[in-house]
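# Residue-level structure breakdown
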Amino acid sequence: MEKINKLPKIVLKHSRIEINNYKPGDSSMLEYLFSLFDQIRHERIPLCIEYNDKNQQLILPRGMNINLLKRIFKEEPYVDKKHDEAIYTNPLPIKYIARDERQVQIIKFLVGLDEYASMKTKSQLLINSTTGSGKTFVTVASMCIEGSRMIVITGQIDWLTQWQEKILEYTPLSPENIYTITGRTSIDKLFTRDPLQYQVFLASHSTLQSYAESSKNGWDAITELFRYIKCGTKVFDECHLFFTNMAALDFHTNTRKTIYLSATPERSSREENIIFQEYFKYIPSIELFDPEKDPHVNYVSVLFNSNPGPSDVRAFSVGQYGFDRNIYMNYLCHRPNFLKLVTYLIDGALHVPGKVLIYVGINDCIEYIREYVIQQFPFLTDSIGIFSSVVRDKDLKSDMLKKKFIFSTTKSAGAAKDIPDLGVCIILNEPFKSKVIARQTLGRCRADNTLYIDCIDMTCQRTKMYYYQKRPVFDMYAKSCREIYLSDDSLEQKYQEIIQRYSIRKLMTLPVFKR
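Cut-offs applied
- Residues numbered from 1 in each chain as written.
- Predicted model: local features only at pLDDT ≥ 70, side-chain atom pairs only at ≥ 80, totals over all residues.
- Heavy atoms only, no water.
- Helix = DSSP H or I, 4+ residues; strand = E, 2+ residues; numbered from the N terminus.
- Buried < 20%, exposed > 50% of the residue type's maximum accessible area, 1.4 Å probe, protein only.
- Lys, Arg positive; Asp, Glu negative; His and termini not counted.
- Salt bridge = Lys/Arg side-chain N within 4 Å of Asp/Glu carboxyl O.
- Contact = heavy atoms within 4.5 Å.
- Pairing = 2+ DSSP bridges.
- Right-handed = clockwise from strand over helix to strand, strands pointing away.
- Phe/Tyr/Trp six-rings, centres within 6.5 Å; stacked < 30°, edge-to-face > 60°.
- Lys NZ or Arg CZ within 6 Å of the ring centre and 35° of its normal.
- pLDDT = per-residue confidence, 0-100.
- Axes fitted to C-alpha atoms, helices over the stretch in contact; angles between N-to-C directions.
- Expected span 1.5 Å × (residues − 1).
- Polar contact = N/O pair within 3.5 Å; in protein donor to acceptor, adjacent residues only side chain to side chain.

Take K355: it is sitting in strand β16 (residues 355–360). Although K355 is buried, it forms no salt bridge, and the closest oppositely charged side chain is D421 at an N-O distance of 4.9 Å. What K355 contacts, discounting residues up to four positions off in sequence, is L401, K402, K403, K404, I406, I419, P420, D421, L422, G423 and V424.

Set out below in structure tokens:
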């Protein structure tokens, strides 16, 4: 009788773990660990875990606790060292040297040199480095040193352009050596070409996800694509974003090395962050933050009172978590003290060199505040831009970043969005408690002594609580922190001084939004 080889129970691939001969319910602990409770459906939804019914195989993150699996299944894991074929080139020259010791250390970590020699055989590496520290440069430098062909996966199409620009700046590569995957047609074309003519592939999460979901083979089509391009390295830019899609790509590829880049390796949702941290628990990482040299932003919290009435509090104290941010932001736009504060901040920002990025949570409020500022300061009409989903045209959107005042949301101008010559960042009307968003918005400030202003309504209990929850981020990462409390009287006095100086009209009245 022919002998049947038994599959190992636990198989460690390069970016996933396979549990063979698994049936749903075999480990309720694992299924619970990688799931979230859905408040609407009142059931747990799997996250970063897959089950292949045909093969009776459970797929898990490669970076999770292996000892936990050994205890659950009472078997030693089998390490499968085989990976997708990767074609390397000769090392490439890089046009610039590392600008500081921190970049040198990260490059050594990525390629496994000197004290980081043990990293050479690792299949996953996490770079946790502050915004502006040069994560793009060190990644490109490691590619040049190793001669590794790589694919970079980002969250937005705009970021692909930034990557291409930097690769062309740092290396002798030409645009002909870079292939940007922008849709199914570009993937179909790629399959008709020799992939070895390209050193770098650029793709967005949405493009790869759409390709997988529209293919008859599903995510197996991604497996075929990655095998075809023969890259030795795949890179996830801002890996804390598009978390679910990143896991799917890891589960359906077997690339020799995966590099994860993030200035804020955590999720804003507490429940999701538990899974995120488990995903990266045993992935080697490097974080080089120098509390003496790295902080360069001056943080100022401006405390004021919007003075809500009982009916206002009832209006925005609704929803799943007892606070409706949209209703609150609409409410705030029509409070006299808030509009006086807007006048005060715009006046102050006029005297600060550089651009001013102003965060407002929803587009209706952006339009409202923009109209108010123009009526108060007519000479700023052509100096105000809006960088959000309300502006669809790509060229027009790019032009908006050239304005003195730029209104945006944390979603539109969040991670990986570079704004040259930014001098001031103002969190005007977008309450949040997330430490992740706090670090992301702080990361927009690249230049030394950039000013970060956080407007806090102290008469709203929820926004006051948010302030105290995110304040430790600024205590750690800002160069200096101070509070300014503007009482009703002091705010009125400052407002009157500005009115007299500019001879502008008093508070205007605009249509109130529907709640």
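Bringing the environment of L401 into the picture now. Mapped onto the fold, L401 is located in the loop between α15 (394–400) and β18 (405–408). Sequence-wise, L401 and I453 are 52 residues apart; in three dimensions their C-alpha atoms are separated by 19 Å.

Tracing the backbone through its elements, the reader meets N337 in helix α13 (residues 336–349). If we ignore the near neighbours within four places in the chain, the residues touching N337 are N305, N307, D488 and L491.

Bringing the pairing of strand β19 (residues 422–429) into the picture now. With eight of eight residues buried, β19 lies mostly within the body of the structure. As defined by bridge partners, β16 adjoins β19 across six bridges and the pair is classed as parallel. Bridging from a neighbouring strand, I358 pairs with I426 of β19. Bridge analysis of β19 against strand β20 (residues 450–457) gives four bridges, and the strand direction is parallel. By the bridge assignment, C425 is partnered in β20 with Y452. In this fold, the crossover linking β19 to β20 by way of helix α16 (residues 435–443) has right-handed handedness.

Moving on, we come to unusual backbone geometry. Of note, the phi angle at C48 is positive, near 60 degrees, even though the residue is not glycine. Look at D114: it is not a glycine, yet its phi comes out positive at around 55 degrees. Examined against the element boundaries, D114 turns out to sit in the loop between α3 (101–111) and β8 (124–128).

Let's shift gears to the environment of P431. Mapping P431 onto the fold places it in the loop between β19 and α16. Among the residues examined, P431 registers a relative accessible area of 10% and is labelled buried. Sequence separation between P431 and R227 is 204 residues, and the spatial gap between their C-alpha atoms is 45 Å. When sequence neighbours within four positions are dropped, the list of residues in contact with P431 reads F323, R325, Y328, M329, T463 and Y466.

Turning to the packing of aromatic side chains, a few remarks are in order. Evaluation of the coordinates by the stated rule reveals 27 aromatic pairs. Ring-pair connections join several aromatic residues into one group, and the members of that group are F236, F243, Y260, F276, Y279 and F280. Here the guanidinium or amino end of R44 rests over the ring plane of Y32, the centre of that ring lying 3.9 Å away. One Lys or Arg, K470, reaches over the ring of F432 and ends 3.9 Å from the middle of that ring.

The next subject is the pattern of salt bridges. Following the criterion strictly, the structure yields 25 salt bridges and no others. For D100, the salt bridge is made with R102, and the minimal N-O distance between the two is 3.9 Å. A relative accessible area of 27% places D100 in the partly exposed class. Close ionic contact of K108 with D114 constitutes a salt bridge, the shortest N to O distance being 3.1 Å. Residue D114 is classed as exposed on the basis of its relative accessible area, which comes to 53%. Ionic contacts of the salt-bridge type, sharing partners, join the residues R99, D100, R102 and D294 into one network.

What follows covers the pairing of strand β13 (residues 257–262). Strand residues, when the strand is regular, have side chains that alternate between the two faces of the sheet. The buried fraction of β13 is high, at six of six residues. Side-chain alternation along β13 places K257, I259 and L261 on one buried face and T258, Y260 and S262 on a second face that is also buried. Looking at chain direction, β8 and β13 are connected through five bridges and run parallel. Paired with I127 across the strands is L261, a residue of β13. Examined bridge by bridge, strand β12 (residues 233–236) and β13 share four bridges and lie parallel to one another.

In this model, the chain carries an average pLDDT of 91, and 95% of its residues clear a pLDDT of 70 or more. Ranking the elements of the chain by mean pLDDT puts α15 last, at 82, and β12 first, at 98. Here residues 506–515 scores under 50 on pLDDT; set against residues more than four positions off or in separate chains, the count is 26 contacts.

With that settled, consider the sheet that holds strand β11 (residues 200–204). Adjacent strands of a sheet pair through backbone hydrogen bonds, lying either parallel or antiparallel. Taken in spatial order, the seven strands make up an open sheet running β10-β11-β9-β12-β13-β8-β14, and their pairing is parallel. This sheet does not close on itself; its edge strands, each paired only once, are β10 (178–181) and β14 (285–287). Taken pair by pair, the neighbouring strands of this sheet meet at an average axis angle of 15 degrees, ignoring direction. Across the sheet, helix α4 (residues 135–146) is in contact with β8, β9 (150–154), β11, β12 and β13; its angle to β13 comes to roughly 165 degrees.

Spatially, the five strands line up as an open sheet ordered β5-β6-β2-β1-β7, and their pairing is mixed. Since the sheet does not close on itself, it has two edges, and those belong to β5 (50–52) and β7 (78–79), each with one partner. In terms of strand pairing, strand β2 (residues 16–19) meets strand β6 (residues 57–61) through four bridges, oriented antiparallel. When the sheet's bridge partners are listed, E18 is paired in β6 with I59.

Attention shifts here to helix α14 (residues 363–376). With 14 residues, α14 extends 20 Å from end C-alpha to end C-alpha; this agrees with the ideal 20 Å at 1.5 Å per step. All of the buried residues along α14 are C365, I366, Y368, I369, Y372, V373, I374 and Q376.

On to α16, then. With eight of its nine residues buried, α16 lies for the most part within the structure. The complete set of buried residues in α16 reads V436, I437, A438, R439, Q440, T441, L442 and G443. Those residues of α16 that are buried lie in contact with β8, β15 (297–304), β16, β19, β20 and α17 (461–477). Sitting at the amino-terminal end of α16 is S434, which places a side-chain oxygen 3.1 Å from the backbone nitrogen of V436.

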